[in-house]
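Listed below, chain by chain, are the residues.
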Amino acid sequence: MAVRKAVAAGSNLRTYLDSKTNISLDAMISLIRSALKEKSSSEWYRELNNTCQSNLEDAQRFVLRAMQLREKVLMASQADGSLRYDEGLVQALFLHTIRTGLKDNSIKARIEPFVRKDVTISDEALIEELNLAVI
């Protein structure tokens, strides 16, 4: 019931869901994802892989956007029928994206020791190091 109520009242999707009395939760979520054209885990993964800092974006916003994409990959990986990506693989891609996607070479050089493939760093520590590099 909670999932049905989360869909906008009066919408065609809500009306359809209300008419389906024996639909499983997984089927309902899959239907909602399809109706809302939610990207699959592989589409989010590809977007994370191809993202880079835009000309109008500062380094902090770029890293936060990459973090958001990483979380979308992981969330979409949990959906039934989606390609499941290992958290370590997604984290490695995220760090690679930061290493290669930053535009400013001086920031890249200062941040590189913290985003190497073999390094474990929390998001908070990464943001702190990035803030120090930007100054």
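Numbering of residues starts from 1 in each chain and follows the order in which that chain's sequence is written. Given that the model is predicted, a residue must reach a pLDDT of at least 70 before its local features are reported, and side-chain atom pairs must reach 80 or more before they are shown or counted; all residues, however, enter totals for whole chains, interfaces and linings. Water and hydrogen atoms play no part in the side-chain values, which are based on all heavy atoms of the structure.

(A) Layout of the overall build of the chain. To qualify as a helix, a DSSP run of H or I must reach at least 4 residues; to qualify as a strand, a run of E must reach at least 2; elements of each kind are numbered from the N terminus. Looking only at helices and strands, the chain has 8 helices and 0 strands in total. Ordered by position from N to C terminus, the α and β elements of the chain give α-α-α-α-α-α-α-α. Each radius of gyration is computed over the set of C-alpha atoms, and the globule rule expresses the reference value as 2.2 Å times the number of residues to the power 0.38. For a compact globule of 135 residues, the expected C-alpha radius of gyration is about 14 Å, and the chain comes in at 19 Å, more than 25% above that figure. Buried, partly exposed and exposed residues are distinguished by accessible area as a fraction of the type maximum, computed with a 1.4 Å probe on protein chains only: under 20%, between the cut-offs, and over 50%, respectively. By residue count, 33% of the 135 residues in the chain fall in the buried class. Within the chain, contacts between residues at least 6 apart in sequence are counted, and of these 50% link residues at least 24 apart. Of the side chains in the chain, 19 bear a positive and 18 a negative charge, and the two mean positions are spaced by 7 Å. Here a residue-residue contact requires only that any non-hydrogen atoms of the pair lie within 4.5 Å. This count recognises Lys and Arg as positive and Asp and Glu as negative, with His and chain-terminal groups excluded. Every charge is mapped to an atom, namely NZ of Lys, CZ of Arg, CG of Asp or CD of Glu.

(B) Spotlight on the packing of aromatic side chains. Any pair of Phe, Tyr and Trp rings, taking the six-membered ring for Trp, is counted once the centres come within 6.5 Å. Such a pair is stacked with planes under 30 degrees apart, edge-to-face with planes over 60 apart, and tilted for the rest. Going through the model one piece at a time under the given rule, you end up with 1 aromatic pair. The interplanar angle of 0° and the centroid separation of 4.3 Å between the aromatic rings of Tyr45 and Tyr85 together place this pair among those described as stacked. Here Tyr85 lies in the loop between helix H5 (59-77) and helix H6 (87-101) and Tyr45 lies in helix H4 (residues 41-50), a separation of 40 residues in the sequence. Neither residue differs from the other here; Tyr45 and Tyr85 are each classed as buried. We note Lys39 situated over the ring of Trp44; from NZ or CZ to the ring centre the distance is 4.7 Å. In this structure, Arg70 packs its charged tip against the face of Phe94, placed 4.5 Å from the ring centre. When the NZ atom of lysine or the CZ atom of arginine is within 6 Å of a ring's centre and also within 35 degrees of its normal, the charge is said to sit over that ring.

(C) Up close: the environment of Glu128. By secondary structure assignment, the location of Glu128 is in helix H8 (residues 123-134). Sequence separation between Glu128 and Gln60 is 68 residues; the distance between their C-alpha atoms is 9.9 Å.

(D) Structural view of the packing of H4 against H6. Packing of H4 against H6 leaves a shortest axis separation of 8 Å and a crossing angle of 30°. The pairing of H4 with H6 is recorded here as roughly parallel in orientation. Every residue of H6 that contacts H4 at Tyr45, Leu48 and Asn49 is listed here: Leu89, Val90, Leu93, Phe94 and Thr97. Convention adopted: a line fitted to C-alpha atoms gives each axis, helices being fitted over their contacting stretch, and angles between N-to-C directions are expressed from 0 to 180 degrees. The cut-offs work like this: below 35 degrees is roughly parallel, past 145 is roughly antiparallel, 65 to 115 is roughly perpendicular, and the gaps in between are oblique.

(E) Structural view of the packing of H4 against H5. Contact geometry for H4 and H5: axes closest at 8 Å, N-to-C directions at 160°. Here H4 lies roughly antiparallel to H5, going by the angle between them. Our pair here, H4 against H5, has a crossing hand that is left-handed. Residues Ser41, Trp44, Tyr45, Glu47 and Leu48 of H4 touch H5, and the partners they reach there are Ala66, Leu69, Arg70, Lys72, Val73, Ala76 and Ser77. For the contact of H4 with H5, a count of residues per class yields 7 nonpolar, 2 polar and 3 charged. By the definition used in this description, the sense in which the near helix is turned from the far one sets the handedness, with an anticlockwise turn below a right angle giving left-handed and a clockwise turn giving right-handed. Charged means Asp, Glu, Lys or Arg here, nonpolar means Ala, Val, Leu, Ile, Met, Phe, Trp, Tyr, Cys or Pro, and polar covers whatever is left, Gly included.

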